[in-house]
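Structural description and commentary
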Amino acid sequence: MTIMPPAMRRTLATLTMVWLCGGVLSRPVHAQTQDAFFSDDDVQDVSLTMSERDWQTLKENYEQDTYYSADLRWRGVVVRNVGVRSRGNTTRNGVKPGLRIDINRYISEQEFVGLKGFALDNAYSDRSLMRERLVMKMFARLALPAPREAHVRLFVNDRFAGVYVLIESIDRAFISRRFGAFEGDVERGGFLFDYRWVRPYHFEALGSGLEAYAELFTPKTRETESMSTLFGPLRDLITAINDSPDDRFAAEVGALLDLRQVVRVLAVENFMSEVDGFLGEWGVHNIYLYRFRDLRPAVLLPWDKDTSFWTVDHPVTYHIEANVLARRALMVPDLAQLYVDTLVECAAVASEPAADGRGWLEHEIDRVYRQIEAGVAADPGLPVTADDVAREVEALRSFARARPARVLREITASDSQRRR
């Protein structure tokens, strides 16, 4: 199957409009907004034009974070001289590199539909190419802040590079959209931290020195502030998580961290069988922490959910005992009930009847697969076959059908055991 290059498609679209309008040249008008860019109603085309030598060098040196200049095109919008680099952890490769697009890398204050950057995920660790997008959609359904995602067809120098997952960056633009422009202000906004996995960590106390916190939490806003301004409050939070008495835990820690929001995030991760998140197999991973400028309790922001849907039998208590924050939070009766209520809510959302009678999650899996199926069949960098993808999608469907009932049975069994 051949994917038509954008340049040819634009030419055909223009000629069609000329014919439809009786020879008068007319151009179709599209909304050029963030919402349109992240719309998941269809798979859109994103094009990069860059030096062939630079593109080849990026692929050959995919382990490096070197930026290269490119022009970005989407729906007739062209942004010159954006920065492009390889991205990813274990998914980096030179065949279908994951990409970070930095809009203002070379031109200060340059934006694209209000964005400073975004990620193009090659989904190399996810044979379905769909897990991450589906989990973030579940977070959104539960009104929890999470990055927007959609699929795109990427063209580099008018050659089809493959189907990618478009991911909204968690940065100042994200903070402004979710929490208001005053929070995303460069000078006076809040503090965003990207948790960096160094070793297995479960929110144990790290002592009074600030260096231990700086090793794990990378500031993504207000980076030039002093160590005490950046990491002193993190030390105070983690100390409170570990040292506050049981009867004052909810009040003391809750003044610093939105425990209700945290509990709901953990419930979604465990419902979706995530093994590399906050309660991950290797300790805390793939999470951002945001501390508000107006001193509201901080929140957790989920990231990188391509290891979800691990198994339908994933226990809803997965790694809770191992994590200090999760364990102590769920010792608080109100928070424990909220955790259960959120699991039930996830089950209800996943099972909510769609137009075809199937549950929402299974329907969403099919809807997304229909969008990407043709592109997957033509993807020149896919590490598996299209048949492999189809089999993986069927496994996701099976999870969607069975997971809600499995979670509800576990909750009922736990309640019965507790009442004995």
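Note that the coordinates shown come from a computational prediction; the quantities given were computed from them, not determined experimentally. Numbering of residues starts from 1 in each chain and follows the order in which that chain's sequence is written. Where totals are concerned, whole chains, interfaces and linings use all residues; where local detail is concerned, this predicted model gives features only for residues with pLDDT of at least 70, and gives and counts side-chain atom pairs only at 80 or more. Excluding hydrogens and water, the side-chain figures rest on all heavy atoms present in the structure.

**Brief notes about the pairing of strand β8 (residues 191-195)**
Just so we agree on the cut-off: When a residue's accessible area, from a 1.4 Å probe over protein chains only, is under 20% of the maximum for its type it is buried; when over 50% it is exposed; and in between it is partly exposed. By the criteria applied, helices consist of DSSP H or I runs no shorter than four residues and strands consist of E runs no shorter than two, each listed in order from the N terminus. When DSSP finds two or more bridges between two strands, those strands count as paired.
Of all five residues in β8, four are buried, a share of seventy percent or more. The pairing of β8 with strand β10 (residues 287-291) spans four bridges and is classified as antiparallel. By the bridge assignment, Phe-193 is partnered in β10 with Leu-289. Bridge count between β8 and strand β9 (residues 217-219): three bridges; the pairing is antiparallel.

**Describing the packing of aromatic side chains**
This is how it is decided: Pairing of aromatic side chains here covers Phe, Tyr and the six-membered ring of Trp, requires ring centres within 6.5 Å, and sorts the geometry by plane angle: under 30 degrees stacked, over 60 edge-to-face, intermediate tilted.
One pass over the structure, following the stated rule, counts 18 aromatic pairs. Between Tyr-195 and Phe-217, the ring centres sit 5.5 Å apart and the planes meet at 70°, which makes this aromatic pair edge-to-face. Here Phe-217 lies in strand β9 and Tyr-195 lies in strand β8, a separation of 22 residues in the sequence. With a relative accessible area of 3%, Phe-217 lands in the buried category. Look at Phe-203 and Phe-278: their rings are 5.3 Å apart centre to centre, the planes differ by 55°, and that puts the pair in the tilted class. You can see Phe-203 sitting in the loop between β8 and α7 (211-216) and its partner Phe-278 sitting in the loop between α10 (259-271) and β10, a full 75 residues away along the chain. By relative accessible area, which is 3% here, Phe-203 ends up buried.

**Brief notes about the confidence of the model for the chain**
To keep it simple, the criterion reads: Every residue gets a pLDDT, meaning the predictor's confidence in that residue, from 0 to 100. We call two residues in contact whenever any of their non-hydrogen atoms come within 4.5 Å of each other.
With 92% of its residues at a pLDDT of at least 70, the chain reaches an overall mean of 92. Note on residues 10-29: pLDDT is under 50 here. Beyond four places in sequence and across chains, it has ten contacts.

**Points about unusual backbone geometry**
The backbone of Val-113 shows a phi angle near 45°, a positive value even though the residue is not glycine. Its place among the elements puts Val-113 in the loop between β4 (98-102) and β5 (117-121). According to the relative accessible area criterion, Val-113 is partly exposed, its value standing at 21%.

**Focus: the sheet that holds β8**
Stated precisely, the cut-off is as follows: Where helices are involved, their axes are fitted lines through C-alpha atoms of the stretch in contact, as for all axes, and angles between N-to-C directions lie from 0 to 180°.
The antiparallel open sheet is built from four strands, whose spatial order is β9-β8-β10-β11. The open sheet terminates on both sides in strands that have one partner only, identified here as β9 and β11 (299-302). Recorded for the sheet is a direction-independent mean angle of 30° between the axes of neighbouring strands.

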